[in-house]
Amino acid sequence: MRTSTGTRLTLRTVALGYLFALLAVPIGLILWRTFGDGVGAFIDSIRTPAAISALNLSLLIVAIVVPLNVVFGVATALALVRGSFPGRGLLQAVVDLPFAVSPIVVGVSLILLWGTSGWFGGVENNFGIRVIFGLPGMVLATIFVTLPFVVREVEPVLHEIGTDQEQAAATLGASSAQTLWRITLPAIRWGLTYGVVLTIARALGEFGAVIMVSSGFPGVSQTLTLLVHSRYIDDHNTYGAYAAATLLMGLAVLTLLLMTVLDRKRSTT
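On a predicted model such as this, the values are computed, not experimentally measured, just so you know.

Glancing now at the overall build of the protein chain. A tally of regular secondary structure across the protein chain gives 13 helices and 0 strands. Each helix (α) and strand (β) of the protein chain, taken in turn from the N terminus, gives the series α-α-α-α-α-α-α-α-α-α-α-α-α. Counting across all 269 residues of the protein chain, residues that qualify as buried make up 36%. In the protein chain, once contacts between residues fewer than 6 apart in sequence are set aside, the share between residues at least 24 apart is 75%. For the protein chain, the exposed area adds up to about 15,300 Å²; of that, 68% sits on carbon and sulfur atoms. Separation between the mean location of the 16 positive side-chain charges and that of the 13 negative ones in the protein chain comes to 9 Å.

Once that is clear, we can look at empty space enclosed by the protein. Taken as a whole and judged by the stated rule, the model has 2 cavities of 30 Å³ or more. Lining the largest cavity, in full, are Ser-58, Ile-61, Thr-142, Ala-203, Leu-204, Glu-206, Val-210, Thr-223 and Thr-225. For the lining of the largest cavity, the secondary-structure elements that each account for two or more residues are helix 3 (49-82) and helix 10 (189-205). When the residues that make up the lining of the largest cavity are grouped by side-chain class, the tally is 4 nonpolar, 4 polar and 1 charged. A volume near 30 Å³ is recorded for the second largest cavity.

A few words on the side chain of Thr-142. Topologically, Thr-142 is positioned in helix 7 (residues 135-161). A distance of 2.8 Å separates a polar side-chain atom of Thr-142 from the backbone oxygen of Met-138. For Thr-142, the residues in contact, after removing those within four places along its chain, are Ile-61, Val-65, Ala-203 and Val-210.

This brings us to the pattern of salt bridges. All chains considered together, the criterion is met by 4 salt bridges. Linking Arg-152 and Asp-96 is a salt bridge whose minimum nitrogen-to-oxygen distance equals 3.0 Å. Separated by 56 residues along the polypeptide, Arg-152 in helix 7 and Asp-96 in helix 4 (residues 88-100) bring together distant segments of the chain. Classification of Asp-96 by relative accessible area gives partly exposed; the value is 31%. A salt bridge links Glu-206 to Arg-202; its shortest N-O distance comes to 2.4 Å. Given a relative accessible area of 26%, Arg-202 falls into the partly exposed group. What emerges from the salt-bridge pattern is a single network uniting Asp-96, Arg-152 and Glu-155.

Here we take up the packing of helix 3 against helix 12 (residues 224-234). Where helix 3 meets helix 12, the closest approach of the two axes is 8 Å, and the angle between their N-to-C directions is 145°. Taking contact as the criterion, the partners of Ala-50, Ala-51, Ala-54, Leu-55 and Ser-58 in helix 3 are, on helix 12, Leu-224, Leu-227 and Arg-231. Partitioned by chemical class, the residues of the contact of helix 3 with helix 12 number 6 nonpolar, 1 polar and 1 charged.

To continue, consider the side chain of Arg-231. Considering the arrangement of structural elements, one finds Arg-231 in helix 12. One buried charged side chain, Arg-231, makes no salt bridge at all; its nearest oppositely charged neighbour is Asp-235, positioned 5.9 Å away. Polar side-chain contacts of Arg-231 include one of 3.0 Å to the backbone oxygen of Ser-45. In terms of polar contacts, Arg-231 uses its side chain to reach the backbone carbonyl oxygen of Gly-240, at 2.8 Å. In contact with Arg-231, other than residues within four places in its own chain, are Ser-45, Thr-48, Ala-51, His-236, Asn-237, Gly-240, Ala-241 and Ala-244.

In this section: the nonpolar core. Counting 20 residues, the largest nonpolar core has Phe-42, Ile-46, Val-62, Leu-224, Leu-227 and Val-228 as the members making the most contacts within it. Among the secondary structure elements, those contributing two or more residues to this core are helix 2 (39-46), helix 3, helix 10, helix 12 and helix 13 (238-268). The dominant element in this core, judged by the number of residues it contributes, is helix 13, at 8 residues.

As a further point, take the confidence of the model for the protein chain. Of all residues in the protein chain, 97% have pLDDT values of 70 or greater, and the mean over the chain is 87. Per-element confidence in the protein chain ranges from a low mean pLDDT of 73 for helix 6 (residues 122-127) to a high of 93 for helix 3.

Cut-offs and rules
- Residues numbered from 1 in each chain as written.
- Predicted model: local features only at pLDDT ≥ 70, side-chain atom pairs only at ≥ 80, totals over all residues.
- Heavy atoms only, no water.
- Helix = DSSP H or I, 4+ residues; strand = E, 2+ residues; numbered from the N terminus.
- Buried < 20%, exposed > 50% of the residue type's maximum accessible area, 1.4 Å probe, protein only.
- Contact = heavy atoms within 4.5 Å.
- Areas by Shrake-Rupley, 256 points an atom, 1.4 Å probe, with all protein chains shown as cover.
- Lys, Arg positive; Asp, Glu negative; His and termini not counted.
- Charge placed at Lys NZ, Arg CZ, Asp CG, Glu CD.
- 1 Å grid on protein atoms, 1.4 Å probe; cavity = no way out; pocket = protein on both sides within 12 Å on 5 of 7 lines; lining within 4 Å.
- Points joined across faces, edges and corners; volume = space filled by probe spheres on them.
- Nonpolar A, V, L, I, M, F, W, Y, C, P; charged D, E, K, R; others polar.
- Polar contact = N/O pair within 3.5 Å; in protein donor to acceptor, adjacent residues only side chain to side chain.
- Salt bridge = Lys/Arg side-chain N within 4 Å of Asp/Glu carboxyl O.
- Axes fitted to C-alpha atoms, helices over the stretch in contact; angles between N-to-C directions.
- Core = buried A, V, L, I, M, F, W, Y, C linked by side-chain atoms within 4.5 Å.
- pLDDT = per-residue confidence, 0-100.

Given below as structure tokens:
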């Protein structure tokens with residue numbers, strides 16, 4: 001369908017206006033409030049023990065979640081694309097479940113499963129390993145909400161490359177492990193990398209599921225998102241909340257830039 005110049009300009013104006021009101025204004029307001037007192041005040045606010053601990057915990061969760069999601073994501077994508085087995089449709093639905101279920105529901109479910117009176121409460125009662133209100137619970141919550149990204153980025157790449165090279169490698173005597181490392185993984189590297197970037201972004205920004213399974217104590221189980229919430233709601237430290245939000249936004253922007261660079265490199269290879 002061909003549209004007139006006036007229609008195209010109107011559509012562009014509406015789209016840009018919508019994005020400006022939805023994104024640019026709130027982000028600009030946060031930056032203005034954050035740096036209104038100078039860069040020094042911002043640095044002092046994010047160098048507090050609570051802020052440093054929250055940043056370290058967020059990065060630690062990312063460092064744990066990403067490798068686990070890579071292993072599970074690649075294995076699941078291979079099973080869905082290369083395999084044919086009973087329950088394949090159910091597995092497809094389970095992978096997409098985090099897109100449909102509210103993160104709050106995920107947190108409540110984990111409490112019912114891993115709490116002291118839950119199905120797996122014996123882990124804490126018998127072995128002294130605190131899952132809920134500790135790091136393991138936060139990792140489990142983050143793994144669940146980031147579950148689909150690697151799978152859904154790798155799956156279409158596997159469909160695209162087909163099985164010709166893998167079958168040729170098998171014909172020449174390569175084992176399954178050799179085929180995976182030398183043929184399959186190099187072929188899906190860009191899809192896998194893109195999925196990893198999306199996983200990092202989602203893990204850094206997760207709030208709903210994590211707040212349900214975290215004690216929220218500063219320096220113990222408080223991520224950057226929980227720090228923003230605590231400073232704004234509990235401590236009434238508005239400036240501190242803006243500073244923490246700006247730090248979190250900076251990490252998100254770096255992730256977005258990395259995603260853009262990878263997307264351009266993938267399109268040229």
